[in-house]
Amino acid sequence: MSSFQLRVGQSCCEETTCVIRYPQVSLQLPPLLPLGPVIGPGGTSSSLLLWLTFHSPMPRQDSAVMAGSLTHHGSPNPGYSPNSAVPVPVITQTDSRDKWSKKMDFLLSVVGFAVDLGNVWRFPYICYQNGGGAFLIPYILMAIFGGVPLFYMELALGQYHRTGAISIWKHICPIFKGIGYAICIIALYVSFYYNTIIAWALFYFYSSFSTILPWTNCDNVWNTPDCTNYFGVDNVTWTNSSRSPAEEFYTRNVLEIHKASGLRNVGGVRWQLMLCLFLIFTIVYFSLWKGVKTSGKVVWVTATLPYIVLFILLIRGATLPGAWRGVVFYLKPQWGKLLETSVWVDAAAQIFFSLGPGFGVLLALSSYNPFTNNCYRDAIVTSLVNCLTSFVSGFVIFTVLGYMAEMRKVEVEDVARDKGPSLLFITYPEAIANMMGSTFFAIIFFVMMITLGLDSTFGGLEAIITAVLDEYPDQLSHRRELFVLGLVIVCFLGSLSTLTNGGAYVVKLLEEFGVGCSIIAVGFLEAIAVSWFYGINRFSNDVQAMLGKAPGLFWRVCWVAISPAFLARDVSLCCLNKPVEDLFQLCDDAGLWISL
């Protein structure tokens with residue numbers, strides 16, 4: 001059996017070396033024959049078939065047999081055709097692109113990216129606010145018809161084209177290349193504030209190494225006369241000006257937000273938080289500098305540890321007095337809520353931000369997969385894990401909120417008003433501080449928060465790294481370590497404004513106006529570009545080339561109509577409803593709160 005080398009030009013630009021083995025064939029193919037990104041068993045470019053048909057030295061009938069063999073799908077043995085004794089040519093990929101060492105490295109990376117801090121603080125709040133158990137109906141429907149199809153689409157796109165968020169549009173529709181640059185810019189915005197939240201968690205983690213947690217009482221230098229400790233104390237009067245020890249620790253010791261007067265004057269940089277952020281970015285750099293070979297090993301810790309901690313906290317929460325009150329409040333269905341449009345909008349937004357299509361991360365991570373990897377199964381499994389994690393996190397949070405309501409002798413609704421960072425940095429630490437074994441539970445809780453955040457940071461920065469390196473391979477492909485170092489430095493410098501006394505205002509500003517509507521619009525344009533411009537039939541053929549079977553009617557309808565419709569509606573609401581967001585619901589020198 002003879003062999004020859006085939007140089008594959010990706011849109012006549014990127015080059016990959018492949019080897020074709022076929023009996024009695026010796027061909028010299030043009031070096032930049034536009035064959036597409038990957039040629040594998042069951043999938044062959046039409047340009048290759050056309051070239052072989054007119055340039056092969058074999059007899060005409062042999063050429064026809066070879067072409068037919070190349071396009072055959074579904075053979076039990078990819079090296080042989082069931083209807084002919086002529087072996088099918090085997091095309092072996094030998095390019096230099098990194099690959100995952102193990103399948104679990106990829107799955108844990110995807111799960112780690114999708115399961116982030118939002119699963120712990122946002123889903124429980126959104127769930128009880130929109131009807132409790134009744135909210136699960138629109139949530140599941142939006143996941144089935146909107147989130148999972150888009151998740152599957154991105155995994156398939158990245159795996160087939162094997163390139164990042166910028167250069168992939170050369171193969172799909174070049175006019176939409178701006179989507180790739182938009183994804184990178186949004187990812188930078190996210191890195192400017194998301195890692196600061198992890199730095200807050202690291203500050204708490206360090207502070208937790210004490211016999212008595214510093215947010216347990218009002219006897220610290222940062223406390224004010226308004227500090228009120230109601231745990232273990234009878235006849236406590238709680239007024240509108242009262243502040244818990246946990247709240248004052250967060251606002252006056254961690255953030256020192258009282259030294260800022262809003263966005264116009266955010267004050268100086270907190271050196272303690274800057275040191276925490278430096279340590280976070282050091283971990284990030286050494287996890288990403290060598291590519292998926294290193295990050296794929298790190299996620300074995302950062303993606304699995306949160307589940308161990310969640311299980312421990314769930315067991316502890318279930319044994320607390322009043323826990324049942326929180327569970328009932330969390331799941332009690334309010335069926336009338338299903339008639340409100342806002343509930344369905346919140347369900348769509350939650351599943352979109354939870355699964356993470358449109359961020360370019362799924363494109364980047366799946367681009368390092370083997371060509372024939374079953375991305376369909378990966379999409380289903382990781383989506384289920386993500387949604388179940390959000391659901392279980394609700395029990396972890398609301399058992400503790402029920403306990404706090406029992407201790408305060410108030411309704412769960414009065415305790416559960418906090419959302420976002422306040423839930424993780426005030427409400428939950430306050431409950432932990434009054435448990436038996438508080439130091440242990442505080443340490444593991446903030447370890448969980450740090451690892452949840454790191455996984456998402458790995459994914460977000462890898463999306464930028466893969467996109468830029470694939471777009472400029474000649475200049476950067478051999479300088480990955482330096483490029484990653486430069487990117488981490490840029491992200492660190494861009495985060496300095498969030499480390500100031502008023503950094504919480506900047507974090508909320510970036511979160512609401514730098515990412516929210518922008519990423520939904522990017523997801524909408526991506527779905528339209530693939531389904532309508534690239535063509536649903538071409539995309540289905542790509543999936544068939546990888547998996548051996550085409551996507552079913554359900555997936556095709558979702559990609560063409562249903563998923564874009566969901567995203568179009570959300571984009572319209574963002575444009576029509578100008579948000580008036582309170583950047584941080586805390587008193588400042590000027591009045592009640594800072595608003596836009």
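Residues numbered from 1 in each chain as written. Predicted model: local features only at pLDDT ≥ 70, side-chain atom pairs only at ≥ 80, totals over all residues. Heavy atoms only, no water.

Where we set the bar: UniProt positions are given in the numbering used here, feature names are shortened, and annotations may be inferred rather than shown by experiment.
If you look the protein up in an unreviewed UniProt entry, it shows as Transporter from Sparus aurata. Database annotation for the protein, UniProt heading Sequence similarities (unreviewed entry): "Belongs to the sodium:neurotransmitter symporter (SNF) (TC 2.A.22) family." The record held by UniProt for the protein lists under Subcellular location (unreviewed entry) the comment "Membrane".

Quick word on the overall build of the protein
What counts here: A helix here means a DSSP run of H or I that spans at least four residues, while a strand means a run of E at least two residues long, and both kinds are numbered starting from the N terminus. Surface accessibility in these figures is a Shrake-Rupley result with a 1.4 Å probe; residues are shielded only by whichever protein chains are displayed.
Helix and strand counts for the protein stand at 22 helices and 6 strands. For the protein, the exposed surface amounts to about 25000 Å²; the carbon and sulfur share of it is 63%.

Observations concerning the environment of C227
This is how it is decided: Burial classes follow relative accessibility: with a 1.4 Å probe on protein chains only, a residue under 20% of its type's maximum area counts as buried, one over 50% as exposed, and anything between as partly exposed. Throughout, a contact is declared for two residues whenever any of their heavy atoms are within 4.5 Å.
With respect to the helices and strands, C227 occurs in the loop between α7 (178-207) and α8 (245-254). With relative accessibility at 12%, the residue C227 sits in the buried group. Ignoring sequence-local partners within four residues, the contact set of C227 consists of C218, R243, S244, P245 and E248.

Some details on helix α21 (residues 503-547)
Using the following cut-off: Here, expected helix span is obtained from the residue count minus one, scaled by 1.5 Å. A residue's bend is simply the angle between two axes: one fitted to the seven residues ending at it, one to the seven starting at it.
Its 45 residues give α21 an end-to-end C-alpha distance of only 48 Å, which falls more than 12% under 66 Å, the value for a rise of 1.5 Å per residue. Remark: the principal bend of α21, roughly 100 degrees, maps to G535. One or two steps after α21, the chain reaches G548, where phi turns positive at roughly 85 degrees.

Focus: unusual backbone geometry
Of note, R162 is a non-glycine position whose phi angle comes to about 50 degrees, a positive value. Tracing the backbone through its elements, the reader meets R162 in the loop between α5 (136-161) and α6 (169-172). For E256, which is not a glycine, the phi torsion comes out positive at approximately 55 degrees. The topology assignment puts E256 in the loop between α8 and α9 (271-288).

Looking at the side chain of D455
Note the cut-off: As used throughout, the charge tally considers Lys and Arg to be positive and Asp and Glu to be negative, leaving His and the chain termini uncounted. When a carboxyl oxygen of Asp or Glu lies within 4 Å of a side-chain nitrogen of Lys or Arg, that pair is called a salt bridge.
Summarising the element assignment, D455 is placed in helix α18 (residues 438-471). One buried charged residue, D455, remains without a salt bridge, the closest side chain of opposite sign being K297 at 14 Å.

What about the packing of aromatic side chains?
Rules: When the centres of two rings from Phe, Tyr and Trp lie within 6.5 Å, Trp using its six-membered ring, the rings pair. Their planes under 30 degrees apart give stacked, over 60 give edge-to-face, and anything left gives tilted.
Throughout the structure, instances matching the rule amount to 43 aromatic pairs. Their ring planes at 55 degrees and their centres at 5.2 Å tell us that Y204 and W215 sit as a pair that is tilted. Here W215 lies in the loop between α7 and α8 and Y204 lies in helix α7, a separation of 11 residues in the sequence. Like Y204, the residue W215 is buried in the burial classification.

A word on the confidence of the model for the protein
Under the convention used in this document: Summary of the metric used: pLDDT quantifies the predictor's per-residue confidence within the range 0 to 100.
In the predicted model, the protein carries a mean pLDDT of 80, and 79% of its residues have values of at least 70. Across residues 1-94, confidence stays below pLDDT 50; counting only partners more than four residues off in sequence or on other chains, it has 151 contacts. Here residues 580-596 scores under 50 on pLDDT; set against residues more than four positions off or in separate chains, the count is 42 contacts.

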